[in-house]
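The lines below spell out each chain.
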Amino acid sequence: MRDLAGGFGHLLAGQRWVFRNGRWLGFGLLPGLLALVLYAGALVGLGYGADDLTAWATPFADDWGSPWLGLFRGFLTALVFCLGLFVAVITFTAVTLLIGQPFYESLSEQVDRSVGGDAPESGLPLARELWISARDSIKVLVRVLLYGVLLFALGFIPVVGQTVIPAIGFCVSGFFLTEELTAVALQRREVELKDRLALLRGRRAMALGFGVPLVLAFLVPLVAVFLMPGAVAGATLMVRELRGEDEEQAAGDGSEEPEGAARPGHPAQPHQQSPYQQSPHPQSPYQQPPYAAPQGGSAHPGPYAAGPRYPAPQQNPYAQQPPQYPGGGAAGGPGPASNPYR
């Protein structure tokens, strides 16, 4: 269901892109209008000639009585017209893309540049690109006709042929319509038809979510013309997702990790200081700087070093000095008095 909604989301995103860039919408209408005129003429001719074609193909019913002859050939006429409409819906995109190949390729490149900044180019001449597009479209048309014939035959099954088979027919139409639209972007990436089909089969729900609503819209006259440029833009966006180009771009645009940063499964490089790593000897907020003793203080700081709290020791005023006698000491006296008790 996610891929189904994703395919429809790409279709809407392509329409929004084109309407935001009105210049591309205006140019995109010209190939669609020309193809619409051609197909309208072909369907009108089929409508007028379907009765004769049915009568020519069923000569065995000429002798049938009324009302069986009319009912039988009327039913076949309706089926022939529906088959023609089925083929027209499938081939309308291929013919429109073939007519407007240069324009739609430029539109697809512009979509790539607007969302990715880089647009792959095939580098082939225009004539070569037209030949490849026509060749691949014929291969797709052969597949569509084979499915159409099979579904036409299954349409005769009662009940199932009027309910289940038309639903399968719309899914087949939507898948191949998506292939035609994504071919514009995938051919620029040099992806071959078989690889394009394999890519879409791998995400079948997304292809149906993109193509089936477009098939139903193309049944309304003139709608296909106005939706064609947006369908090409949306198909380009879907190709980018199918090939994973948006994810690669997001990975390439990511910010680079700093040198030595730790990544999942990879330890940090050596010699890289962590912002949360603490120094081996953190400084205590209560640690006081060593005190420089002022002049006159203790020369050897210690727990009771001289300072504001412990001033330098003062001389004891009660300390007695040895008595000095006249003529003693340095002046040549008898020197200090002797102890009379000794």
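The numbers attached to residues start from 1 for each chain and follow its sequence in the written order. Residue-level local features of this predicted model are given only where pLDDT is at least 70; pairs of side-chain atoms are given and counted only at 80 or more, and the full residue set underlies all totals for whole chains, interfaces and linings. As a convention, hydrogens and water are excluded, and side-chain values are obtained from all of the structure's heavy atoms.

**Some words on the packing of aromatic side chains**
Inference 1: Ring pairs are drawn from Phe, Tyr and Trp, using the six-membered ring of Trp, whenever the two centres fall within 6.5 Å, and their geometry is named by plane angle: stacked under 30 degrees, edge-to-face over 60, tilted for the rest. Per the stated rule, a full pass over the model turns up 7 aromatic pairs.
Inference 2: Ring geometry for Trp24 and Phe103: centres 5.8 Å apart, planes at 40 degrees, overall tilted. On the criterion of sequence distance, the pair formed by Trp24 in helix α2 (residues 22–57) and Phe103 in helix α4 (residues 101–116) is long-range, its members being 79 residues apart.
Inference 3: For Phe103, a relative accessible area of 16% corresponds to the buried category.
Inference 4: Each residue in the set Trp24, Phe103 and Tyr104 is aromatic and connected to the rest through ring pairs, giving one cluster.
Inference 5: Sitting over a ring, as applied to charges here, requires NZ of Lys or CZ of Arg to be within 6 Å of the ring centre and within 35 degrees of the ring normal. Cation over ring: Arg204 sits above Phe175, and NZ or CZ is 5.9 Å from the ring centre. Runs of H or I in DSSP of at least four residues are treated as helices and runs of E of at least two as strands, each being numbered from the N terminus. Working definition: with a 1.4 Å probe on protein chains only, accessible area under 20% of the residue-type maximum means buried, over 50% means exposed, and in between means partly exposed.

**Re helix α7 (residues 193–202)**
Inference 1: Among the residues of α7, Leu193, Arg196, Leu197 and Leu200 are the ones counted as buried. Each buried residue of α7 lies within a common arc of 95 degrees when the element is viewed along its axis, so the set occupies one face. Exposed and oriented more than 90 degrees from the buried face of α7 are Lys194 and Gly202.
Inference 2: The criterion used for residue contact is that any of the two residues' heavy atoms lie within 4.5 Å. Summarising the contacts, the buried residues of α7 are in contact with α5 (126–154), α6 (160–188), α8 (204–218) and α9 (223–242). Throughout, the arc means that of the directions going from the helix axis to the C-beta atoms.

**So, the nonpolar core**
Inference 1: Remark: nonpolar core denotes a set of buried residues (Ala, Val, Leu, Ile, Met, Phe, Trp, Tyr, Cys) joined through side-chain atoms within 4.5 Å. The biggest cluster of nonpolar side chains holds 47 residues, and the ones touching the most others in it are Trp17, Leu107, Leu181, Phe210, Leu214 and Val232.
Inference 2: For this core, the element with the most residues is α9, which contributes 10 residues.
Inference 3: Other than its neighbours up to four places away in sequence, Leu107 contacts Trp17, Trp24, Pro229, Val232 and Ala233.

**Topic: the packing of α5 against α7**
Inference 1: Note on method: axes are straight lines fitted to C-alpha atoms, helices fitted across the in-contact stretch only, with angles between N-to-C directions ranging 0 to 180 degrees. At their nearest, the axes of α5 and α7 sit 11 Å apart, and the two run at 50 degrees to each other. In terms of orientation, α5 lies oblique with respect to α7. Between α5, through Asp136, Lys139, Val140 and Arg143, and α7, the contact on the second element is made entirely by Leu193, Arg196 and Leu197. Angle categories: roughly parallel below 35 degrees, roughly antiparallel above 145, roughly perpendicular from 65 to 115, and oblique for all the rest.

**Quick look at the confidence of the model for the chain**
Low pLDDT marks stretches whose predicted atomic positions should not be read closely.
Inference 1: Looking at the chain as a whole, its pLDDT mean stands at 75, while 72% of the residues score no less than 70.
Inference 2: For every residue, the predictor states its confidence as a pLDDT score lying anywhere from 0 to 100. Segment residues 255–277 is flagged for pLDDT under 50; beyond a separation of four residues in sequence, or across chains, it makes 8 contacts in the model.
Inference 3: Within the model, pLDDT remains below 50 along residues 328–333, and this stretch shows 7 contacts once partners closer than five positions in the same chain are excluded.

**A few points about the pattern of salt bridges**
Inference 1: Take a side-chain nitrogen of Lys or Arg and a carboxyl oxygen of Asp or Glu: if they are within 4 Å of each other, that pair is a salt bridge. On inspection of all chains with the given rule, the structure shows 9 salt bridges.
Inference 2: As a salt-bridge pair, Asp112 and Arg189 come within 3.1 Å of each other at their nearest N and O atoms. Within this pair, whereas Asp112 is found in helix α4, its partner Arg189 is found in the loop between α6 and α7, the two being separated by 77 residues in sequence.
Inference 3: On the basis of relative accessibility, which here comes to 0%, the residue Asp112 falls in the buried class.
Inference 4: Among the ionic pairs, Asp136 bridges to Arg196, the shortest N-O distance being 3.2 Å. A residue pair is termed long-range when its members are at least 10 positions apart, and Asp136 in helix α5 and Arg196 in helix α7 qualify at 60 residues.

**Concerning the environment of Leu97**
Inference 1: Examined against the element boundaries, Leu97 turns out to sit in helix α3 (residues 68–99).
Inference 2: In this structure the C-alpha to C-alpha distance between Leu97 and Leu181, which are 84 residues apart in sequence, comes to 8.1 Å.
Inference 3: In contact with Leu97, not counting residues within four places along its chain, are Tyr104, Glu180, Leu181, Val184, Met228 and Val232.

**Details of α3**
Residue pairs spaced three or four apart in an α-helix point in one direction, given the helix's 3.6 residues per turn.
Inference 1: To estimate the expected span of a helix, count its residues, drop one, and scale the result by 1.5 Å. Taking 1.5 Å of rise per residue, 32 residues should cover 46 Å, and α3 covers 45 Å from first to last C-alpha, within 8% of that figure.
Inference 2: What the bend at a residue measures is the angle between two axes, fitted to the seven residues ending there and to the seven starting there. Bending of α3 peaks at approximately 35 degrees at the position of Thr91.

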